[in-house]
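Residue-level listing of the chains:
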Amino acid sequence: PWITTYFGSVDSVRRQRIVKVTNRVTLDGALFNELRASRPQEAPAGADGNLEGRVRDSLGGPFCHPTEGTPADSFGRVRGDWAVTASNVAKYDGWHGVIVFDEHDPLRFTAEQVSDYIDTAQNWARRAHDADPEARYPLFIWNCLWRSGASILHGHAQMTVTRGMHYAKVEGWRLAALRYRRVHQADYFADLVAAQRALGLAVDHGTATIIPSLTPFKEKETHIVVPHLNDDLKSALYTVLSAFIERLGVTSFNMALYQPPLADTPETWDGFPCVVRVLDRGDPSSKTSDVGSMELFAQSVVSTDPFRVVDAVRAFSADWRSPAPQNG
């Protein structure tokens, strides 16, 4: 019934035409699917600042009972400790899943839950790749609240696995790192981390390094760089998100995990690490967009000092890792 309400019929979503286009010169890219215009919007125009009330009012939606309210992928569902997957109804790409959190409030999560969300997404990606070996390029994204583009308030993230080549922005980073190695005989990501460390703009988190971007797309953009997807990346992501929320007052964010392909590809990914990108999307009650012509067509305009961001991350990391006081 939910699908029929928003999309007209179940048949309309059974087969979807998705067109992926990448300009190989500029590395601009787009994914076309007209069905996405019919997605439900739980935050209509003029949404006020009563964030807790809006989250509470969204209780009872399909994500609150995902095994009954959402479709499964053709290979079934992946169940984590704190989340379960569903097949996205209006897809970005041919393999496009949703990681539906058990926790309804999108701003409430623990380190264990964040770790489980990533593990669940990775398990889903491997299942999709097993079902379609040509789907090799994974992307994990997390949009929090309507300011970030989330159409449903219930906490959730998304995972895709695409064919042919990675998504345009990820491919752009791969080619840039490859050019850097050819010109300088050095690893781009290692040099980037070293440069930011020299500026005092790096927080070590085991094998992961947290660095606020010096060229952010929008406010507070922060990266996590780690050689491989491991527990350090997961806990570093929890640290960054918690510092954003608790120390910097962030209520809406976008997050993406760039990672190498799941199987061999014609192009080289040697030395490409896992990189997380997180940024603030501003006050959900604001009626002014945080993206304008400069961001879309020229260069980002940003107001947040990256030194303020790294101070907040460092302070939260120190508090979180410090031992609890002993009674008596």
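Below or above, wherever it landed, is the structure these notes cover. Everything quoted here is computed from the prediction, not taken from an experiment. (Residues numbered from 1 in each chain as written. Predicted model: local features only at pLDDT ≥ 70, side-chain atom pairs only at ≥ 80, totals over all residues. Heavy atoms only, no water.)

A few words on the packing of helix α6 (residues 168-184) against helix α7 (residues 188-198). Here α6 crosses α7 at 85°, and the two axes come no closer than 9 Å. The angle between α6 and α7 places the two elements in the roughly perpendicular class. Between α6 and α7, the contacting residues are W173, A177 and Y180 on the first element and Y188, F189 and D191 on the second. Grouping the amino acids of the contact of α6 with α7 by side-chain chemistry returns five nonpolar, no polar and one charged. (Axes fitted to C-alpha atoms, helices over the stretch in contact; angles between N-to-C directions. Helix = DSSP H or I, 4+ residues; strand = E, 2+ residues; numbered from the N terminus. Parallel < 35°, antiparallel > 145°, perpendicular 65-115°, else oblique. Contact = heavy atoms within 4.5 Å. Nonpolar A, V, L, I, M, F, W, Y, C, P; charged D, E, K, R; others polar.)

This part covers the environment of L145. Tracing the backbone shows L145 in the loop between β5 (135-144) and β6 (156-163). Relative accessible area serves as the criterion here: at 2%, L145 is assigned to the buried category. Along the chain, L145 and T160 lie 15 residues apart, while their C-alpha atoms are 20 Å from each other. Once you skip the residues sitting within four places of it in the chain, L145 turns out to touch L51, P106, L107, A150, L153, T251, S252 and P284. (Buried < 20%, exposed > 50% of the residue type's maximum accessible area, 1.4 Å probe, protein only.)

All right, on to the packing of aromatic side chains then. Evaluation of the coordinates by the stated rule reveals 17 aromatic pairs. Geometrically, the ring pair formed by Y180 and Y188 is edge-to-face, given 5.6 Å between the ring centres and 70° between the ring planes. By relative accessible area, Y180 is classed as partly exposed at 23%. On the basis of an interplanar angle of 80° and a centroid distance of 5.1 Å, the ring pair of W269 and F272 is categorised as edge-to-face. The pair formed by W269 and F272 is uniform in burial state, with each residue classed as buried. Grouped by ring-pair contacts, the aromatic residues F101, F109, Y117, W142, Y238, F253, F316 and W320 constitute a single cluster. Over the face of the ring belonging to Y167 we find K20, whose NZ or CZ atom lies 5.0 Å from the ring centre. One cation-aromatic arrangement involves R174 over W269; the distance from NZ or CZ to the ring centre is 5.5 Å. (Phe/Tyr/Trp six-rings, centres within 6.5 Å; stacked < 30°, edge-to-face > 60°. Lys NZ or Arg CZ within 6 Å of the ring centre and 35° of its normal.)

Positionally, D319 belongs in helix α10 (residues 306-321). Separated by 79 residues in the primary sequence, D319 and V240 have C-alpha atoms spaced 13 Å apart.

Turning next to the sheet that holds strand β11 (residues 274-280). Strand pairing in a sheet takes place through backbone hydrogen bonds and is either antiparallel or parallel in direction. Pairing within the open sheet is antiparallel, and its nine strands lie in the order β3-β4-β6-β5-β10-β11-β9-β8-β7. A single partner strand is all that each edge strand has here, and the edge strands are β3 (83-87) and β7 (203-205). On average, adjacent strands in this sheet sit at an angle of 20° to one another, irrespective of strand direction. Alignment of β5 against β6, held across six bridges, turns out to be antiparallel. (Pairing = 2+ DSSP bridges.)

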